[in-house]
Structure formats: C-alpha cells, structure tokens
Amino acid sequence: MRGFFGIGVEGLSKPMNAGNLFRTAHAFGGSFVFTIAATYSVKAARSDTSKTPHSLPWYLYDTPAELALPEGCQLVGIELLDDATELPSFRHPLRAAYVLGPEMGSLSPALLKRCDHVIKIPTSFCVNVGVAGAIVMYDRLITLGKFAERPLSPLGNVAGTAANPGGRQPKRKL
C-alpha cells in the first residue's frame, strides 16, 4: 500500500486504551504513534503486548500547538460531530495522522482547528477509543489496499462474472 499513517490520542487518561490503539496501529502497519496531553507509559499500557513504542516512533506532545507532522501529512480528527464526514464517504489521504480524543470528552477546539479533516463513524453513540481507531484503520486498509473485489454472493461470484449460467445453485462440497 502506498503512503503512510500514524495515529494518536489527545487527553487520554487510561493507558490501557492507548495501548490497545497503538498495538492495533502496529498490526495495521502504522508508521508512528503520538500522544498529546495524555497519560501513557509502555509499562502501564499492558494491553500493548507488542510494545509498539519500542518498534515505531512515539512522539509526545504537551499541547496541540506542539504537534509536528511529516511534510505533506494531513491531520484527521475522529470525532462524533454533526458536521464531520461520515467514514464510509471519506477518502483517506495517502499521508495521514489520525487523532482521537479522551474517553469521556472530545478533541480540544485547538486541535480541531489544526485538523485538515474531521470524520465520524456512523454510530448512535461513541465507541471505545481503541475500537474507533481500529475501525478507521481497517477502513483505510480496505480502501487504499490492493485487494480483489468482494464476491457478490457467499458462493464466490465476483462482480462482472456470470452469476450462475445454469440457473441452479451449485452443490456445495463439504
């Protein structure tokens, strides 16, 4: 897959949530992780069994103003706001840094002003930080990755091929 991505959190108070998010980013091929005004330590984040900050660059910032991103990298806030772009309609930048807010709050106004995009997962209410990050990273993978088109049916017919020229369902081998 072309491009790169990083993921981070602002104001997070539970290291286990950041650990889960960072471990998932490591598994999905993230290039870096970061924290802004967040409580995090590798030791306290027992959920990160891969110890991501030992394998990927980990950047710590005290304020949104300090956040420094690679040249051409777009900041994407993940927040359940009315005017945010819904994830299924969002085109991921090739070079992106995704950021999520605290467990019991939202991204700060200062950080939202820095965002090039703000996206939301179309749910009825907020989900766990690690879950939200995993959904966004998976969406990035399936939209920017080079995967075969999905079958139209469980039997494996792909778009553009004859669905079933004989008109009968083929027998399934068990």
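### Overview of the nonpolar core
And step 1. Among the nonpolar cores identified, the biggest contains 22 residues, and Ile7, Leu21, Tyr98, Leu100, Ile119 and Val136 are the most heavily contacted of them.
And step 2. Within the residue set of this core, elements represented by two or more residues are β1 (4-10), α1 (15-27), β4 (74-78), β6 (95-100) and α3 (129-144).
And step 3. In this structure, Val136 is in contact with Ile78, Leu87, His92, Tyr98, Ile119 and Ile121, ignoring residues within four places of it in sequence.
And step 4. Membership of the second largest hydrophobic core comes to 14 residues, among which are Leu67, Ala84, Leu107 and Cys115.

### Here's the deal with the environment of Phe90
And step 1. In this fold, Phe90 is placed in the loop between β5 (85-86) and β6.
And step 2. The class for Phe90 is buried, based on a relative accessible area of 9%.
And step 3. The spatial distance from the C-alpha of Phe90 to the C-alpha of Val118 is 9.5 Å, given a sequence separation of 28 residues.
And step 4. Apart from residues lying up to four places away in sequence, Phe90 is in contact with Val76, Thr85, His117 and Ile119.

### A word on the pairing of β1
And step 1. Taken across its seven residues, β1 has six buried, putting it largely inside the fold.
And step 2. Bridge analysis of β1 against β6 gives six bridges, and the strand direction is parallel. Paired with Gly8 across the two strands is Val99, which belongs to β6.
And step 3. Looking at chain direction, β1 and strand β2 (residues 32-36) are connected through five bridges and run parallel. Considered in β2, the bridge of Ile7 is made with Val33.
And step 4. As a crossover connection, the stretch from β1 through α1 into β2 is right-handed.

### Things to note about the pairing of β6
Within a regular strand, side chains alternate between the sheet's two faces.
And step 1. The element β6 is largely enclosed, with a buried count of five among its six residues.
And step 2. Two elements, β4 and β6, share five bridges in a ladder whose sense is parallel. Residue pairing for β6: Val76 is matched across the bridge by Tyr98.

### Quick word on the side chain of Glu103
And step 1. Within the fold, Glu103 resides in the loop between β6 and α2 (109-114).
And step 2. A distance of 3.2 Å separates a polar atom in the side chain of Glu103 from a polar atom in the side chain of Asn17.
And step 3. Setting aside chain neighbours within four positions, we find Glu103 in contact with Leu12, Ser13, Lys14, Asn17 and Val129.

Cut-off values and rules
Residues numbered from 1 in each chain as written. Predicted model: local features only at pLDDT ≥ 70, side-chain atom pairs only at ≥ 80, totals over all residues. Heavy atoms only, no water. Core = buried A, V, L, I, M, F, W, Y, C linked by side-chain atoms within 4.5 Å. Buried < 20%, exposed > 50% of the residue type's maximum accessible area, 1.4 Å probe, protein only. Helix = DSSP H or I, 4+ residues; strand = E, 2+ residues; numbered from the N terminus. Contact = heavy atoms within 4.5 Å. Pairing = 2+ DSSP bridges. Right-handed = clockwise from strand over helix to strand, strands pointing away. Polar contact = N/O pair within 3.5 Å; in protein donor to acceptor, adjacent residues only side chain to side chain.

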